[in-house]
Amino acid sequence: MKEESSKSAVEELIADVEAYIDEWFHGNPAFGLLRGVRWRPLTDAYETENEYRIRMSIPGMKTEDIRVVLEQGYVRVSGVRRERCSDKRRYFKMEIPAGAFERRIRVPDSVRAEEISVEYADGLLQIRLPKTAPLDVSIEMP
């Protein structure tokens, strides 16, 4: 059985370049070369029997840097993750995104807006949108 040899410096460089290209075109780059590029937090949106739920992974943020708005059939979550940098820091790898973000998630109109709840704990933003009573009602004939 042949032992695997360690990668050469050239092979490591090629692997890093391929990973960067893949992230740039298919992934979620932590930062961009163009001004105004934003990051997109990973988000789950699903439905239970009584409510719609949205979970968003945004660790390392302060609640005052997060904004949640329900408008025109969408929940809009925006914010800014601030990176504490100093002139002495030189990155050789940066995967934790910083800067502004915004996500818009379409929600059905059958939501009780006055009962929406938002919670941020352990890096997860959780939004609960209670459903209204079903509009389809079966009426029995006397």
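Being a predicted model, the structure only gives us computed values, none of them experimental. (Residues numbered from 1 in each chain as written. Predicted model: local features only at pLDDT ≥ 70, side-chain atom pairs only at ≥ 80, totals over all residues. Heavy atoms only, no water.)

Draft legend 1. Structural context of the sheet that holds strand β4 (residues 74–81). Pairing within the open sheet is antiparallel, and its three strands lie in the order β3-β4-β5. Every interior strand has two partners, whereas the edge strands, β3 (66–71) and β5 (99–106), have only one. On average, each strand axis in the sheet is tilted by 15° relative to the strand beside it, whichever way the strands run. With eight bridges joining them, β4 and β5 adopt antiparallel strand pairing. Each bridged residue has a counterpart across the sheet, and for Arg81 the counterpart in β5 is Gly99. (Pairing = 2+ DSSP bridges. Helix = DSSP H or I, 4+ residues; strand = E, 2+ residues; numbered from the N terminus. Axes fitted to C-alpha atoms, helices over the stretch in contact; angles between N-to-C directions.)

Draft legend 2. Summary view of unusual backbone geometry. A positive phi is found at Gln72, a non-glycine position, where the angle reads about 50°. Among the structural elements, Gln72 can be located in the loop between β3 and β4. On the basis of relative accessibility, which here comes to 78%, the residue Gln72 falls in the exposed class. A positive phi angle, near 55°, is found at Asp122, a position not held by glycine. Position of Asp122 relative to the elements: it lies in the loop between β6 (117–121) and β7 (124–130). (Buried < 20%, exposed > 50% of the residue type's maximum accessible area, 1.4 Å probe, protein only.)

Draft legend 3. Broad picture of the packing of aromatic side chains. Tallying each qualifying case throughout the model produces one aromatic pair. Aromatic pair Trp39 and Phe101: ring centres 4.9 Å apart, planes at 55°, arrangement tilted. Taken as a pair, Trp39 in the loop between α1 (9–26) and β1 (43–47) and Phe101 in strand β5 lie far apart in primary sequence, 62 residues in all. The burial state of Trp39 is the same as that of Phe101; both residues are buried. Its end group placed over the ring of Tyr52, Lys131 keeps NZ or CZ at 5.1 Å from the ring centre. (Phe/Tyr/Trp six-rings, centres within 6.5 Å; stacked < 30°, edge-to-face > 60°. Lys NZ or Arg CZ within 6 Å of the ring centre and 35° of its normal.)

Draft legend 4. Representation of the side chain of Arg103 within the structure. Residue placement: Arg103 occurs in strand β5. At 3.3 Å, the side chain of Arg103 forms a polar contact with the side chain of Thr43. Excluding its chain neighbours within four sequence positions, the residues that come into contact with Arg103 are Arg40, Pro41, Thr43, Met56, Val75, Arg76 and Val77. (Polar contact = N/O pair within 3.5 Å; in protein donor to acceptor, adjacent residues only side chain to side chain. Contact = heavy atoms within 4.5 Å.)

Draft legend 5. Quick peek at the pairing of β3. Sheet topology places β3 next to β4; six bridges connect them, and they run antiparallel. Of the residues in β4, the one forming a bridge with Arg67 is Ser78. Two successive antiparallel strands, β3 and β4, enclose a turn made up of two residues, where Gln72 displays a positive phi of approximately 50°.

Draft legend 6. Fine view of the sheet that holds β1. Here four strands make up an open sheet; going across it, the order is β1-β2-β7-β6 and the pairing antiparallel. Only two strands of the sheet have a single partner each, and these edge strands are β1 and β6. Looking at each pair of strands side by side, their axes are set apart by 15° on average, direction ignored. Here β1 pairs with strand β2 (residues 51–57) via five bridges, running antiparallel. Paired with Glu47 across the strands is Tyr52, a residue of β2.

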